[in-house]
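Okay, here's what each chain looks like letter by letter:
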Protein chains: 2
Amino acid sequence: MSGAEQAAGTGQAGSAGQAGSAGQAGSAGQVVADYWAAAEARDWAAYGALLAEDVVYEVPQTRERVTGREAYLRFNAEGFPGDWHLAVQRVVSQDRAAVTMIEFSEGGTSQFGLCFFDLDEDGRIVRITDFWPDPYEPPAGRAHLAGRY
Amino acid sequence: MSGAEQAAGTGQAGSAGQAGSAGQAGSAGQVVADYWAAAEARDWAAYGALLAEDVVYEVPQTRERVTGREAYLRFNAEGFPGDWHLAVQRVVSQDRAAVTMIEFSEGGTSQFGLCFFDLDEDGRIVRITDFWPDPYEPPAGRAHLAGRY
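Residues numbered from 1 in each chain as written. Chains lettered and ligands numbered in written order. Predicted model: local features only at pLDDT ≥ 70, side-chain atom pairs only at ≥ 80, totals over all residues. Heavy atoms only, no water.

### A few points about the interface of chain B and chain A
Here is step 1: Each partner contributes residues to the interface: chain B has 49 residues there, and chain A has 49 residues.
Here is step 2: Of the roughly 4500 Å² buried between chain B and chain A, counting both surfaces, carbon and sulfur atoms make up 59%.
Here is step 3: Of all residues in chain B, B:Gln94, B:Leu145 and B:Tyr149 bury the most surface against chain A, accounting for 19% of the area lost on that side.
Here is step 4: At the junction of chain B with chain A, the criterion picks out 4 salt bridges.
Here is step 5: In this structure, the salt-bridge partner of A:Arg142 is B:Glu64, at a minimum N-O distance of 2.7 Å. (Contact = heavy atoms within 4.5 Å. Buried area = accessible area lost by both parts, 1.4 Å probe. Salt bridge = Lys/Arg side-chain N within 4 Å of Asp/Glu carboxyl O.)

### A word on the sheet that holds strand β7 (residues 147-148) of chain B
Here is step 1: Taken in spatial order, the 7 strands line up as β3(A)-β4(A)-β5(A)-β6(A)-β1(A)-β2(A)-β7(B) in an open sheet, and their pairing is mixed. Two strands in the sheet have a free side with no partner beyond their single neighbour: β3 (85-94) of chain A together with β7 of chain B.
Here is step 2: Judged from the 6 bridges that link them, strand β5 (residues 109-119) of chain A and strand β6 (residues 125-131) of chain A form a sheet pairing that is antiparallel. Note on β6(A): the bridge partner recorded for A:Asp118 is A:Arg127.
Here is step 3: Lying over the sheet, helix α2 (residues 28-40) of chain A contacts β1 (51-59), β3, β4 (97-106), β5 and β6 of chain A, oriented at roughly 170 degrees with respect to β3(A). (Pairing = 2+ DSSP bridges. Helix = DSSP H or I, 4+ residues; strand = E, 2+ residues; numbered from the N terminus. Axes fitted to C-alpha atoms, helices over the stretch in contact; angles between N-to-C directions.)

### What to know about the sheet that holds strand β6 (residues 125-131) of chain B
Here is step 1: Read from one edge to the other, the open sheet built from 7 strands follows the order β7(A)-β2(B)-β1(B)-β6(B)-β5(B)-β4(B)-β3(B), with strand pairing classed as mixed. Edge strands, defined here as strands with exactly one partner in the open sheet, are β7 (147-148) of chain A together with β3 (85-94) of chain B.
Here is step 2: Relative to strand β2 (residues 64-67) of chain B, β7(A) runs antiparallel, the two sharing 2 bridges. Within β2(B), the residue paired with A:Arg148 across the bridge is B:Glu64.
Here is step 3: Of the strands in this sheet, β1 (51-59), β2 and β6 of chain B touch helix α4 (residues 69-79) of chain B, which is tilted by about 55 degrees from β1(B).

### Focus: the confidence of the model for chain A
Here is step 1: Of the residues in chain A, 83% reach a pLDDT of 70 or more, and the chain-wide mean stands at 86.
Here is step 2: The complex model carries a pTM of 0.84, and its ipTM stands at 0.83. (pLDDT = per-residue confidence, 0-100.)

### Observations concerning the relation of the copies chain B and chain A
Here is step 1: Superposing chain B onto chain A takes a rotation of 180 degrees plus a shift of 0.0 Å along the axis, which leaves an RMSD of 0.0 Å. Taken together, the rotation and translation relating the two chain copies correspond to the operation of a two-fold axis. Across chain B, the smallest distance between a C-alpha and the rotation axis is recorded for B:Pro133, namely 2.1 Å.
Here is step 2: The residues that chain B uses at the interface reappear at the interface of chain A in 100% of cases, marking a shared surface. (Least-squares fit on C-alpha atoms with pLDDT ≥ 70 in both.)

### Digging into the packing of aromatic side chains
Here is step 1: In the structure shown here, the tally under the stated rule is 28 aromatic pairs over all chains.
Here is step 2: With a centroid separation of 5.1 Å and an interplanar angle of 85 degrees, the aromatic rings of B:Trp44 and B:Tyr47 are classed as edge-to-face. Of the two residues, B:Trp44 and B:Tyr47 both sit in helix α3 (residues 44-49), 3 residues apart, roughly one turn of that helix.
Here is step 3: Among the aromatic residues, those joined into a ring-pair cluster are A:Tyr35, A:Trp36, A:Trp44, A:Tyr47, A:Tyr57, A:Tyr72, A:Phe75, A:Phe80 and A:Phe117.
Here is step 4: Geometry around A:Trp84 places A:Arg42 over its ring, the cationic atom sitting 3.5 Å from the centre. (Phe/Tyr/Trp six-rings, centres within 6.5 Å; stacked < 30°, edge-to-face > 60°. Lys NZ or Arg CZ within 6 Å of the ring centre and 35° of its normal.)

### A closer look at the pairing of strand β4 (residues 97-106) of chain B
Residues and elements named next belong to chain B.
Here is step 1: Among the 10 residues in β4, 7 count as buried, and that is most of the element.
Here is step 2: Relative to β4, β3 is paired through 9 bridges, and the arrangement is antiparallel. Bridge pairing links Leu-86 to Phe-104 in β4.
Here is step 3: Between β3 and the antiparallel strand that follows it, β4, lie 2 residues; Asp-95 among them carries a positive phi value of about 55 degrees.
Here is step 4: As paired strands, β4 and strand β5 (residues 109-119) are joined by 10 bridges and run antiparallel to one another. Residue pairing in the sheet places Val-99 in a bridge with Phe-116 of β5.
Here is step 5: Between β4 and β5, which pair antiparallel one after the other, the connecting turn spans 2 residues, and Gly-107 there sits at a positive phi close to 55 degrees. (Buried < 20%, exposed > 50% of the residue type's maximum accessible area, 1.4 Å probe, protein only.)

### Remarks on the pattern of salt bridges
Here is step 1: Enumeration according to the criterion identifies 14 salt bridges over all chains in this entry.
Here is step 2: The shortest N-O distance in the salt bridge between A:Asp118 and B:Arg90 comes to 2.9 Å. In this pair, A:Asp118 sits in strand β5 while B:Arg90 sits in strand β3, so the two residues belong to two different chains. For the residue pair A:Asp118 and B:Arg90, the accessibility class agrees, reading buried in each case.
Here is step 3: A cluster of three or more residues bridged by salt bridges with shared partners is formed by A:Glu58, A:Arg65 and A:Arg127.

### Quick look at unusual backbone geometry
Here is step 1: Even without a glycine there, the phi angle at A:Arg63 is positive, about 60 degrees.
Here is step 2: Mapped onto the elements, A:Arg63 comes out in the loop between β1 and β2 (64-67).
Here is step 3: Positive phi outside glycine occurs at B:Asp95, with the angle close to 55 degrees.
Here is step 4: For B:Asp95, the position within the fold is in the loop between β3 and β4.
Here is step 5: Judged by its relative accessible area of 53%, B:Asp95 falls in the exposed class.

Written out as structure tokens, the structure is:
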């Protein structure tokens, strides 16, 4: 259950973590922790088992959409071949929804990834809305109103 | 309670909504719905009443940080003078945390805003982590693996 450990280790996952087992639907927070643990491990069988057959993945920033488990598995397994790693920073879940903040790192750089998940009645992930916010310079007009860190 | 109606109207806020009243800490989902309703109304008194004295606001993309209620009220009231509007698309809350997805529109363009909130023991917002993901072109290497919408 490395996913559970990972989420608990952030100190942010709160009380959502429940140990899941095969055939038993865990909480949404547990399912998405398992999802990221499987991605980090490139364990595409475990990853696929968390997905609904009719899962829909969307990236609003690029307007990319992938429909169906097979296509989405291929998108992940073939679309991101690098030596990347991810660390779950936060999990917030409610009913059959969960949101994660991850830090995705590769080759000395890192980026935040923000993901909204919806689960179906069987506890499988049926919808993923994925955001990858890039750094930008703040408008000069508000420079006197905020510090930098 | 337009905030509650707005959040409920998305069909995503789920069961987190609880009517709050003065002196009674509402759920995190209700507090952040009220926060966005107050921002949309430019009701800075109502907005400020939802914030902890020692609130910290951060934008990881710009590394901007604003510390304290007075400074954060000024950042909002003076830093964003335009005729903008916002609509809450999703609220996911758990314990004293909440995440919102809003659509922020101004002058015919719109953008997603993603906000992670933490509440203190009194139910006031004590930490805000704010993301503004911009559109980008997807890498050519995965074009065959995803459609566009």
